[in-house]
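# Observations on chain architecture
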Amino acid sequence: MDPTVLYNLTYGLYVVGVMDGERPVGCVINTCYQVTSQNPILAISLNKNNFTLDAIRRNRRYSLSILNEDSDPTVIGTFGFHSSRDTDKYADYGYDIISGAPVVRGTFAGRLILEALDFVDCETHVLVLGRLVDTAAGEGTPMTYAYYHKVIKGKAPKNAPTYREEKPEEKPAASNLTKYRCDLCGYEVEVEGELPADFTCPLCGASRDQFSKV
Ligand SMILES: Cc1cc2nc3c(=O)[nH]c(=O)nc-3n(C[C@H](O)[C@H](O)[C@H](O)COP(=O)(O)O)c2cc1C
């Protein structure tokens, strides 16, 4: 079996938002699809280690903010590479409450508010089935997973269902550019000489010492 055929599946990108008591929490996902059309039910896949899953089990009301191509890419870094266990992911962005669920502020292609109906165990992940209870219109072109990889040059962490183990690329012999990769989110940058000491990752905010040469 050739598992790389899975790379041809297409996805969008979403920020899940849920209140954990008085605190908004959430994470980035790419695994969302509409299961039924009448009185719609949607499915999302959450890793069992993700705090967001625990919060949805407790609260059941959650939001999906549909990223667009103009959405602030640092939202992906903050919500996709840090855990709400020890991070206030909304601190830099703020949030609003729509029908009981927090939505991170910013430009998005739309917001969906859901009520969890069922949790299906899928070994490492849990499929959360949710009833759509409210929507808010957005703007722009929805961001696809392919756009995130090709244009934003982002990666997915191990908790994402679509995580891919990557082999380091061969550097062309004649190039005087040095490639660095962010240890936290996988963002890659090429510079002449050394990466400056004050460099910070444009995706997840990691500092210079979290970049390794590749
Ligand atoms: C592009 C991208 C796609 C992701 N897709 C998923 C996903 O579909 N399901 C999932 O459980 N985690 C996914 N993740 C990983 C979570 O966002 C990440 O593990 C996060 O730190 C969990 O935070 P939490 O502990 O606050 O829930 C994705 C991350 C990125 C950057």
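What you see is a predicted model, and the numbers here were worked out from it, not measured in a lab. (Residues numbered from 1 in each chain as written. Predicted model: local features only at pLDDT ≥ 70, side-chain atom pairs only at ≥ 80, totals over all residues. Heavy atoms only, no water.)

## Brief notes about the sheet that holds strand β4 (residues 41–47)
Taken together, the 7 strands give an open sheet; going across it, the order is β2-β1-β5-β8-β9-β4-β3, and neighbouring strands pair in antiparallel fashion. A single partner strand is all that each edge strand has here, and the edge strands are β2 (23–29) and β3 (32–34). Direction aside, the axes of adjacent strands within the sheet are offset by 30 degrees on average. In the sheet, strand β1 (residues 14–20) pairs with β2 via 7 bridges, with the strands oriented antiparallel. Bridged to tyrosine 14 within β2 is isoleucine 29. (Pairing = 2+ DSSP bridges. Helix = DSSP H or I, 4+ residues; strand = E, 2+ residues; numbered from the N terminus. Axes fitted to C-alpha atoms, helices over the stretch in contact; angles between N-to-C directions.)

## What to know about the pairing of strand β11 (residues 188–192)
For a regular strand, side-chain orientation follows a simple rule: the groups alternate between the two sheet faces. As paired strands, strand β10 (residues 177–182) and β11 are joined by 5 bridges and run antiparallel to one another. Of the residues in β11, the one forming a bridge with tyrosine 180 is valine 189. In this antiparallel pair of consecutive strands, β10 and β11, the connection spans 5 residues, and glycine 186 shows a positive phi of 90 degrees.

## Focus on helix α2 (residues 73–81)
Extensive coverage of α2 is indicated by the burial of 7 of its 9 residues. Taken as a whole, α2 has its buried residues at Val75, Ile76, Gly77, Thr78, Phe79, Gly80 and Phe81. Buried positions along α2 lie against β1, β2, β5 (61–67), β7 (101–104) and α3 (145–150). (Buried < 20%, exposed > 50% of the residue type's maximum accessible area, 1.4 Å probe, protein only. Contact = heavy atoms within 4.5 Å.)

## Let's talk about the domain arrangement of the protein
Accessible area lost upon the coming together of the parts is a frequently used measure of interface size. Once the domains are mapped, the protein shows domain 1 (10–150) and domain 2 (177–213). Here the C-alpha centre of domain 2 lies 28 Å away from the C-alpha centre of domain 1. Facing the 7 residues of domain 1 at the interface are 5 residues of domain 2. Both faces combined, the contact of domain 1 with domain 2 buries some 490 Å², and carbon together with sulfur accounts for 65% of it. Inspection of the domain 1/domain 2 interface yields 0 salt bridges. The interface formed by domain 1 and domain 2 holds 0 residue pairs in polar contact (both at pLDDT 80 or more) in total. Of all the elements, α2 adds the most residues to the side of domain 1 that touches domain 2, at 5 residues. Partitioned by chemical class, the residues of the side of domain 1 that touches domain 2 number 3 nonpolar, 4 polar and no charged. (Domains from an automatic or database assignment. Buried area = accessible area lost by both parts, 1.4 Å probe. Salt bridge = Lys/Arg side-chain N within 4 Å of Asp/Glu carboxyl O. Polar contact = N/O pair within 3.5 Å; in protein donor to acceptor, adjacent residues only side chain to side chain. Nonpolar A, V, L, I, M, F, W, Y, C, P; charged D, E, K, R; others polar.)

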